[in-house]
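Examination of the molecular architecture
Single-letter residue listing:
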Amino acid sequence: MTLGLLQLEYKSEVLAYNDETTPVNLTGKKMLPILKHDQGAMNESLDIMTFLDKGNLLKIEASRTFPEFGVFEAYLTHLGSMVHPLAMPYWMWTPEFDPTSRRYFQKTKEDKRGPFKDLVKKQPEYFEQLKQEMPKLEQELVPFYKSEKLTVHDIMLASHLWGLYTVPEFQFSPNVHDYLQSVKQQCDFNYHQDYWV
């Protein structure tokens, strides 16, 4: 999303989920995304975004110094506690995975969250939590998150919420859907780019 917003040319390379060697060789740890550039390689999404944003359009460093940023990150963790259990059983069937990496992903996530089959059974519970959460979120969209223009908060928020589009039983409200599509348009973001384009 940041690359698209800043209109930077790039080449995307999808790594198999069970590829530990490439990330560790590049950055010393298994963590994605990784930005490989002329001076080396780096991970940590916010650090990558800060490095790319030479014109300081998103004012990431300034945003990170405010106490409210920690509150916002905690809010994203809260959203993730609902989004991830719903989306993970579907994510593992995307073209990113082959049978081996799919088994690796499932085992890794089930060790932390429990069997995927149990997560699917608990869908109504997660849907109810999101039903309570979404109206609160809508109040913060003016039309972007607490802002009249797109900020780093929107890129972070949209990247968390977008995964719910893969859950066929879930439907965004018109307002949240329009918000996500607006972020998509401004960031020239195509979820399927690495798979189908």
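Residues numbered from 1 in each chain as written. Predicted model: local features only at pLDDT ≥ 70, side-chain atom pairs only at ≥ 80, totals over all residues. Heavy atoms only, no water.

**Let's talk about the overall build of the protein**
The helix and strand inventory of the protein stands at 11 helices and two strands. The order of α-helices and β-strands along the protein, N terminus first, is α-α-β-β-α-α-α-α-α-α-α-α-α. Whereas a compact globule of 197 residues would reach a radius of gyration of roughly 16 Å, the protein reaches 17 Å, a difference of no more than 12%. Each principal axis of the C-alpha atoms in the protein carries an extent, and together these give about 45 × 45 × 35 Å. For the protein, with 197 residues in total, the buried portion stands at 37%. The contacts of the protein with a sequence gap of at least 6 include a subset with a gap of at least 24, amounting to 60%. When the accessible area of the protein is evaluated, it comes to approximately 12,000 Å², of which 52% is carbon and sulfur surface. (Helix = DSSP H or I, 4+ residues; strand = E, 2+ residues; numbered from the N terminus. Rg over C-alpha atoms; globule rule 2.2 N^0.38 Å. Buried < 20%, exposed > 50% of the residue type's maximum accessible area, 1.4 Å probe, protein only. Contact = heavy atoms within 4.5 Å. Areas by Shrake-Rupley, 256 points an atom, 1.4 Å probe, with all protein chains shown as cover.)

**Things to note about the confidence of the model for the protein**
Overall, the prediction assigns the protein a mean pLDDT of 93, with 98% of residues at 70 or greater. The spread of mean pLDDT over the elements of the protein runs between helix α11 (residues 193–196), the lowest at 70, and helix α10 (residues 174–186), the highest at 97. (pLDDT = per-residue confidence, 0-100.)

**Some details on the layout of surface pockets**
Left-over empty space is what a probe sized like a water molecule reveals as it rolls over the atoms. Considering only enclosed or pocket space, the second largest pocket measures out at about 460 Å³ in volume. Lining the second largest pocket are 19 residues; nearest its centre among them are Ser63, Tyr145, Lys146, Thr151 and His153. Elements supplying a minimum of two residues to the lining of the second largest pocket: α4 (60–65), α5 (67–91) and α9 (152–161). Counting residues per element, the lining of the second largest pocket draws most heavily on α5, which supplies five residues. (1 Å grid on protein atoms, 1.4 Å probe; cavity = no way out; pocket = protein on both sides within 12 Å on 5 of 7 lines; lining within 4 Å. Points joined across faces, edges and corners; volume = space filled by probe spheres on them.)

**Quick look at the environment of Trp162**
Looking at the element boundaries, Trp162 is found in the loop between α9 and α10. A relative accessible area of 7% places Trp162 in the buried class. Once the C-alpha coordinates of Trp162 and Leu180 are considered, the two residues, 18 residues apart in sequence, prove to be 7.6 Å apart. Not counting residues within four places of it along the chain, the set of residues in contact with Trp162 comprises Leu180, Gln181, Lys184, Phe189 and Tyr191.

**Structural notes on unusual backbone geometry**
Cis geometry marks the peptide bond from Leu32 to Pro33; its omega dihedral reads 5°. Among the structural elements, Pro33 can be located in the loop between α2 (21–27) and β1 (35–37). The omega torsion across Val142 and Pro143 is -5°, close enough to zero to call that bond cis. Here Pro143 is to be found in the loop between α8 (123–139) and α9. Backbone geometry at Lys59 places phi at a positive 50°, although glycine is not the residue there. On the secondary structure map, Lys59 appears in the loop between α3 (45–52) and α4. Classification of Lys59 as partly exposed rests on a relative accessible area of 44%. Positive phi, normally seen in glycine, also occurs at Asp188, with a value near 50°.

**Observations regarding the packing of α9 against α10**
Taken N-terminus to C-terminus, the directions of α9 and α10 make an angle of 120°; their axes are 10 Å apart at the nearest point. When the axis of α9 is compared with that of α10, the two are oblique. In this structure, the crossing between α9 and α10 has a hand that is left-handed. On the side of α9, the interface is formed by Asp154, Leu157, Ala158 and Leu161, while α10 contributes Val176, Tyr179, Leu180 and Val183. A per-class count over the contact of α9 with α10 returns seven nonpolar, no polar and one charged. (Axes fitted to C-alpha atoms, helices over the stretch in contact; angles between N-to-C directions. Parallel < 35°, antiparallel > 145°, perpendicular 65-115°, else oblique. Left-handed = near helix turned anticlockwise from the far one by under 90°. Nonpolar A, V, L, I, M, F, W, Y, C, P; charged D, E, K, R; others polar.)

**What to know about α8**
Since the α-helix turns once every 3.6 residues, residues separated by three or four places project in the same direction. An ideal rise of 1.5 Å per residue puts 24 Å on 17 residues; α8 measures up with 25 Å between its terminal C-alpha atoms. The largest bend in α8 is about 25°, located at Glu133, with the proline Pro135 one to four residues further on. Within α8, burial applies to Gln123, Tyr126, Leu130, Glu133, Met134 and Leu137. Along its buried surface, α8 packs onto α5, α7 (116–121), α9 and α10. (Expected span 1.5 Å × (residues − 1). Bend = angle between axes of the 7 residues up to and from the residue.)

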